Amino acid sequence: MTPRVPVAVLISGRGSNFLALHEATLAPDYPARIALVLSNRPDAAGILRARELGLVTDVIDHRQFRGAREEFDAALDARLREAGVEIVALAGFMRVLTEPFVNRWQDRLVNIHPSLLPAYPGLDTHARALADGVKLHGCTVHLVRAALDSGPIIAQAAVPVLPDDSEATLAARVLAQEHRVYPLALRLLAEGRVRVAGGRAIIDAPHAAGALANPLPEGAFVA
Ligand code: GRF
């Protein structure tokens, strides 16, 4: 069996995407394994769960660095190297990473964002989508570049925005897709099926043809 690619998952909070990745890695044919779960917050629910699961965990508390982002990122980089990590997966990691760090991990640093990028980079994506009245919303897994929430897109999932949605119902619908699409994107990356050319990610994987619409045209077939 080919060795599985060691991945670090970086979190700051709840950790539901980390758990989705962890569950995916339990499949015998999954090409990656979680070598480290790291949080910048000692009390993050996700890091407590990772410990319960017996995974290797670490905390690098950003408050110890008094705003010196370069020093925080240097400590992070050292820890990732020490753990022998080859891919870094950001999963609700609420720290902006410095350019040297991002460049050092170029094309091996991946993030999940709760919108269909390039729409709605930044925070409060669900509230902004509702305010704009968009009919489709979703999530994106992308390779990280220095500019916030930018970089070659590996995978996206779209969900309908329903007339009576609140921020919470829309967030829950998107989150369910995050949990599907992140393991898929990490699989593609770990299998070496993501190639970057001209700032875009070219994915070597079968494609589904078809269309997604909301509202559906009259008489449209719904599976
Ligand atoms: C997710 O919505 C993710 O897209 C965003 O932060 C949230 C993290 O949630 N980057 P969780 O900690 O994975 O549950």
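Values in this document were obtained by computation on a predicted structure and should not be read as measured data.

So, how was this worked out
- Residues numbered from 1 in each chain as written.
- Predicted model: local features only at pLDDT ≥ 70, side-chain atom pairs only at ≥ 80, totals over all residues.
- Heavy atoms only, no water.
- Pairing = 2+ DSSP bridges.
- Helix = DSSP H or I, 4+ residues; strand = E, 2+ residues; numbered from the N terminus.
- Axes fitted to C-alpha atoms, helices over the stretch in contact; angles between N-to-C directions.
- Contact = heavy atoms within 4.5 Å.
- Phe/Tyr/Trp six-rings, centres within 6.5 Å; stacked < 30°, edge-to-face > 60°.
- Buried < 20%, exposed > 50% of the residue type's maximum accessible area, 1.4 Å probe, protein only.
- Lys NZ or Arg CZ within 6 Å of the ring centre and 35° of its normal.
- Right-handed = clockwise from strand over helix to strand, strands pointing away.
- Near = heavy atom within 4 Å.
- Polar contact = N/O pair within 3.5 Å; in protein donor to acceptor, adjacent residues only side chain to side chain.
- Areas by Shrake-Rupley, 256 points an atom, 1.4 Å probe, with all protein chains shown as cover.
- 1 Å grid on protein atoms, 1.4 Å probe; cavity = no way out; pocket = protein on both sides within 12 Å on 5 of 7 lines; lining within 4 Å.
- Sits in = over half its atoms within 2 Å of the grid points.
- Nonpolar A, V, L, I, M, F, W, Y, C, P; charged D, E, K, R; others polar.

Asker: Which residues make up the sheet that holds strand β2 (residues 32-39), and what values do they have?
Answerer: A sheet is described by the order of its strands in space; here 7 strands give the open sequence β3-β2-β1-β4-β5-β6-β7, paired in mixed fashion. Every other strand in the sheet has two partners, leaving β3 (57-59) and β7 (153-160) as the edge strands with one partner each. In this sheet, adjacent strand axes meet at a mean angle of 20° when their direction is disregarded. Where strand β1 (residues 5-11) lies against strand β4 (residues 87-90), 4 bridges are found, and the strand directions are parallel. For Leu10, the partnering residue across the bridge sits in β4 and is Leu90. Helix-sheet contacts for helix α2 (residues 45-52) involve β1, β2 and β3, and the interaxial angle to β3 is about 150°. Each of β1, β2, β4, β5 (109-113), β6 (136-143) and β7 touches helix α6 (residues 167-190); the most contacted strand, β7, lies at about 155° to it.

Asker: I'd love a proper account of the packing of aromatic side chains, names of residues and values included.
Answerer: One pass over the structure, following the stated rule, counts 3 aromatic pairs. Geometrically, the ring pair formed by Phe65 and Phe72 is edge-to-face, given 5.7 Å between the ring centres and 85° between the ring planes. Residue class for Phe65 comes out buried when judged on its relative accessible area of 18%. Here Phe72 falls in the buried class, since its relative accessible area comes to 4%. Linked through ring pairs, Phe65, Phe72 and Phe93 together constitute an aromatic cluster. Note that Arg95 overlies the ring of Phe72, its terminal NZ or CZ placed 6.0 Å from the centroid.

Asker: Mind laying out unusual backbone geometry, listing which residues take part and the relevant values?
Answerer: Between Leu117 and the following residue, Pro118, the backbone shows a cis peptide bond with an omega angle of 10°. Looking at the element boundaries, Pro118 is found in the loop between β5 and α5 (125-132). Look at the link from Asn214 to Pro215: it is a cis peptide, with omega at 0°. In this structure, Pro215 sits in the segment after β9 (200-203). For Asp149, which is not glycine, the phi torsion reads 55° and is therefore positive. For Asp149, a relative accessible area of 17% gives the class buried.

Asker: I'd love a proper account of the side chain of Asn111, names of residues and values included.
Answerer: Secondary-structure assignment places Asn111 in strand β5. In contact with Asn111, not counting residues within four places along its chain, are Leu90, Thr140, Val141, His142, Val144, Asp149 and Tyr182.

Asker: Tell me what's going on with the pairing of β2, and back it up with residues and numbers.
Answerer: For β2, the buried fraction is high: 7 of the 8 residues fall into the buried class. Where β1 meets β2, 7 bridges bridge the pair, whose relative direction is parallel. Counterpart to Val5 in the pairing with β2 is Ala32. In this fold, the crossover linking β1 to β2 by way of helix α1 (residues 16-25) has right-handed handedness. Read as a crossover between parallel neighbours, the route from β2 over α2 to β3 is right-handed.

Asker: Please provide a residue-by-residue account of the site of the ligand, values included.
Answerer: The environment of the ligand is made up of Arg14, Gly15, Ser16, Asn17, Gly92, Ile112, His113, Pro114 and Glu178. For the ligand, an oxygen atom lies 2.5 Å from a polar atom in the side chain of Ser16. In this structure, an oxygen atom belonging to the ligand sits 2.8 Å away from a main-chain N or O atom of Asn17. Coverage of the ligand by the protein amounts to 85% of the 370 Å² it exposes when considered alone. Using a 2 Å cut-off from the grid points, one finds that the ligand occupies the largest pocket. Contributing elements (two or more residues each) for the shell around the ligand: α1 and β5. For the shell around the ligand, a count of residues per class yields 2 nonpolar, 5 polar and 2 charged.

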